[in-house]
Amino acid sequence: MIRLPNHASNRKTEVLAGLTTFFTMVYIIVVNPIILSDAGVPFEQAFTATVIATVVGTLWMAIFANYPIAIAPGMGLNAYFAYSVVGSHGGISYETAFSAVFVAGLLFLLLSLTPLRSKLIEVIPDSLKHGITAGIGLFIAFIGLRLTGIIQAHPQNLVALGNLHAPSAVLTLIGLAVTLVFMMRGVNGALFYGMVATGVIAYATGQLHFDKGIVSLPSLPEGLVAANPLTAVGDVISHSLYAVVFSFLLVTLFDTTGTMIGVAQQAGLMKGNTLPRAREALLADSVATTIGAMFGTSPTSAYIESSTGVAAGGRTGLTALTVAVLFIAAAFFSPLVGAVAGLSAITAPALIVVGSLMISNIAHIDWRELDEAFPAFLIILSMPLTSSIATGIALGFISYPLLKIARGRWRDVPLLLYVLAVLFFLQLAFLPH
């Protein structure tokens, strides 16, 4: 259950932290339906399903794990669903693809009930844990810079400095300056108030407007998309979707595990190498993935934007509860939410600032020991460059045992890490990602 006394926090701080997390991640209820609609899923169905999955997973995290971590459909996994599973497998409808997500969710749920996921957190070396946290920091800062056009695509160099005179870039830089001033002055909820100030400036300058109104009713035109486990398993077998199920399972497992480790470390919630109430926390995304598939959305994951709420002072499930309540309200205010979420300059300053806070974890990596430092470096480098937390973790997990073997320290590596290194190699080498 949600408790505050054991944490250096209070209700006002937790609620402000929840508001901060909500506004940095609420884009998902607009972006996710847009991506899934390319696979044929009705926008209204995907919108409501996204809200349901987010509320279920985040409420579970709040009530049973008491952590300030939000759960929602994962970016990357939705694109894989829409463009690789439905788009590339001839004759596969989105209903059949959701059967694969449903089966992966059930397997994920069973896996979360075993000690394996909790054990996984314990066996990950400290250098990799710090690398994951720092890599996530760079990743979310890069997202903030890219979405606002401060960093843009370049045909030769891949990325380059964007047009700093563009309205989105100017608004982002102003919002960043305001947020940093609030933080330097020690204002509680500085990240949230920075977003409010940026939103006011955006409205005053005509960048934020509400042309589609404020209120709308959510709907589920298709009802339940996948609900019968036997039918779902039959769809997977008849269309040979084993690799799809495995990819969903493996990527979701390590996306969430890596994000939870990063956010928990940032919040000071780790107890040595263990995460208290790990099973309850890890059940959140598996339950949300299963229920989300039933209504029509792609697999869920712990959200890296939760780190903005932690930076704002969130330490307990009250932060996550606030996020869940706001998503319920958002279901009835989709035009309003869509307008705010559609202007990334409002939330980008918070992502950039939190990225700078999370990168500080590199100070805890022993850079003198190459077998510890290089796998962490690979994680930090590859997460923003591949736009994938799971890919960064995979490269770190593969390189870590290889370097230990080369140094003659193969006995220092737990057996589970060798198994995972092989699985990640197979996934990167032979499966779509």
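You'll find the structure just up there.
In this report, the structure presented in the accompanying data block is examined. Here the structure is a predicted model, which means the values were calculated and not measured. (Residues numbered from 1 in each chain as written. Predicted model: local features only at pLDDT ≥ 70, side-chain atom pairs only at ≥ 80, totals over all residues. Heavy atoms only, no water.)

## A look at the overall build of the protein
Here's step 1: Across its full length, the protein holds 19 helices and four strands.
Here's step 2: Radius of gyration (C-alpha) of the protein: 21 Å, near the 22 Å computed for a compact globule of 433 residues.
Here's step 3: Taken over 433 residues, the protein has a buried fraction of 55%.
Here's step 4: For the protein, the share of sequence-separated contacts (at least 6 apart) that also reach a separation of at least 24 residues comes to 82%.
Here's step 5: When the accessible surface of the protein is split by element, carbon and sulfur atoms take 67% of a total near 17,400 Å².
Here's step 6: Here the protein contributes 18 positively and 18 negatively charged side chains, and the mean placements of these two sets differ by 12 Å. (Helix = DSSP H or I, 4+ residues; strand = E, 2+ residues; numbered from the N terminus. Rg over C-alpha atoms; globule rule 2.2 N^0.38 Å. Buried < 20%, exposed > 50% of the residue type's maximum accessible area, 1.4 Å probe, protein only. Contact = heavy atoms within 4.5 Å. Areas by Shrake-Rupley, 256 points an atom, 1.4 Å probe, with all protein chains shown as cover. Lys, Arg positive; Asp, Glu negative; His and termini not counted. Charge placed at Lys NZ, Arg CZ, Asp CG, Glu CD.)

## As for the environment of Leu 173
Here's step 1: With respect to the secondary-structure elements, Leu 173 resides in helix H8 (residues 167–184).
Here's step 2: As for Leu 173 and Leu 145, which are separated by 28 residues in sequence, their C-alpha atoms are 9.9 Å apart.

## Structural notes on the nonpolar core
Here's step 1: Ranked by size, the top nonpolar core spans 59 residues in total, and within it Met 61, Tyr 67, Ile 136, Phe 254, Ile 393, Phe 397 and Phe 424 carry the most contacts.
Here's step 2: Looking at this core element by element, the count peaks at nine residues for helix H11 (residues 242–267).
Here's step 3: Not counting the four nearest positions on each side in its chain, Met 61 is found in contact with Asn 66, Tyr 67, Ile 69, Ile 71, Met 260, Ala 281 and Ala 284. (Core = buried A, V, L, I, M, F, W, Y, C linked by side-chain atoms within 4.5 Å.)

## Topic: the pattern of salt bridges
Here's step 1: Scanning all chains against the criterion turns up six salt bridges.
Here's step 2: Three or more residues joined by partner-sharing salt bridges are found here, namely Glu 369, Asp 371, Glu 372, Lys 404, Arg 407 and Arg 409. (Salt bridge = Lys/Arg side-chain N within 4 Å of Asp/Glu carboxyl O.)

## Some remarks on the packing of helix H3 (residues 43–65) against helix H12 (residues 278–295)
Here's step 1: H12 packs onto H3 with a crossing angle of 160° between their chain directions and a minimal axis gap of 8 Å. The angle between H3 and H12 falls in the class roughly antiparallel. By crossing handedness, the relation of H3 to H12 is classed as right-handed. Contacts between H3 and H12 involve Gln 45, Ala 49, Ile 52, Ala 53, Val 56, Gly 57, Trp 60, Met 61, Phe 64 and Ala 65 from the former and Glu 280, Ala 281, Leu 283, Ala 284, Val 287, Ala 288, Ile 291, Gly 292 and Phe 295 from the latter.
Here's step 2: Here the contact of H3 with H12 is built from residues that sort into 15 nonpolar, three polar and one charged. (Axes fitted to C-alpha atoms, helices over the stretch in contact; angles between N-to-C directions. Parallel < 35°, antiparallel > 145°, perpendicular 65-115°, else oblique. Left-handed = near helix turned anticlockwise from the far one by under 90°. Nonpolar A, V, L, I, M, F, W, Y, C, P; charged D, E, K, R; others polar.)

## Here's the deal with the packing of aromatic side chains
Here's step 1: Counted under the stated rule, the structure contains eleven aromatic pairs.
Here's step 2: When the centroid spacing of 5.2 Å and the interplanar angle of 75° are considered together, the rings of Phe 22 and Phe 23 count as edge-to-face.
Here's step 3: Note on Phe 23: relative accessible area 27%, which makes it partly exposed.
Here's step 4: What links up through ring pairs into an aromatic cluster is the set Phe 22, Phe 23, Phe 192, Tyr 193 and Phe 327. (Phe/Tyr/Trp six-rings, centres within 6.5 Å; stacked < 30°, edge-to-face > 60°.)

## A closer look at the pairing of strand S2 (residues 151–154)
Here's step 1: In this sheet, strand S3 (residues 158–161) lies alongside S2 in antiparallel orientation, the contact comprising four bridges. Residue His 154 lies in a different strand from S3, and its bridge partner there is Leu 158. (Pairing = 2+ DSSP bridges.)

## Some points on a nonpolar patch on the surface
Here's step 1: Taken together, the side chains of Tyr 203, Phe 210, Ile 214, Val 215, Leu 217, Ile 328, Phe 332 and Phe 333 present a nonpolar region at the surface, about 770 Å² in accessible area.
Here's step 2: With respect to the element layout, Phe 333 can be found in the loop between helix H14 (317–330) and helix H15 (334–341). (Patch = residues over 30% accessible without salt bridge, like charges linked within 9 Å, V, L, I, M, F, W, Y side chains within 5 Å.)

## A few points about the side chain of Thr 391
Here's step 1: Along the chain, Thr 391 turns up in helix H18 (residues 389–406).
Here's step 2: On the basis of relative accessible area, Thr 391 is assigned to the buried category, the value being 17%.
Here's step 3: Apart from residues no more than four positions distant in its own chain, Thr 391 is found in contact with Ser 382 and Thr 386.

## Quick notes on unusual backbone geometry
Glycine aside, negative phi is the norm for most residues, and most peptide bonds take the trans geometry.
Here's step 1: The backbone of Leu 158 shows a phi angle near 75°, a positive value even though the residue is not glycine.
Here's step 2: Structurally, the position occupied by Leu 158 is in strand S3.
Here's step 3: Residue Leu 158 is classed as exposed on the basis of its relative accessible area of 65%.
Here's step 4: The backbone phi angle of Arg 277 is positive, close to 55°, even though this residue is not glycine.
Here's step 5: Inspection of the secondary structure assignment puts Arg 277 in the loop between H11 and H12.

## Concerning the packing of H8 against helix H9 (residues 190–204)
Here's step 1: Viewed as axis vectors pointing N to C, H8 and H9 meet at an angle of 145°, and their least axial separation amounts to 8 Å. Remark: the crossing between H8 and H9 carries right-handed chirality. Note on element contacts: H9 touches H8 through Ala 190, Leu 191, Tyr 193, Gly 194, Ala 197, Thr 198, Ile 201 and Ala 202, opposite Leu 171, Ile 174, Gly 175, Val 178, Thr 179, Phe 182 and Met 183.
Here's step 2: Classifying every residue of the contact of H8 with H9 by side-chain character gives eleven nonpolar, four polar and no charged.

## Quick notes on the side chain of Thr 58
Here's step 1: Here Thr 58 is to be found in helix H3.
Here's step 2: A distance of 2.7 Å separates a polar atom in the side chain of Thr 58 from the backbone oxygen of Thr 54.
Here's step 3: Sequence-distant contacts of Thr 58, defined by excluding residues within four places in its chain, comprise Ile 69, Ala 70, Ile 71, Ala 320, Val 323 and Ala 324. (Polar contact = N/O pair within 3.5 Å; in protein donor to acceptor, adjacent residues only side chain to side chain.)

## Quick word on helix H19 (residues 415–430)
Here's step 1: Here H19 spans 23 Å end to end across 16 residues, near enough to the 22 Å set by a 1.5 Å rise per residue.
Here's step 2: For H19, the set of buried residues is Leu 417, Leu 420, Ala 421, Phe 424 and Gln 427. Along the axis of H19, the buried residues cluster in a sector spanning 130°; they form a single face. Facing away from the buried surface of H19 by more than 90 degrees, the exposed residues are Leu 415 and Phe 430. (Expected span 1.5 Å × (residues − 1). Arc of directions from axis to C-beta.)

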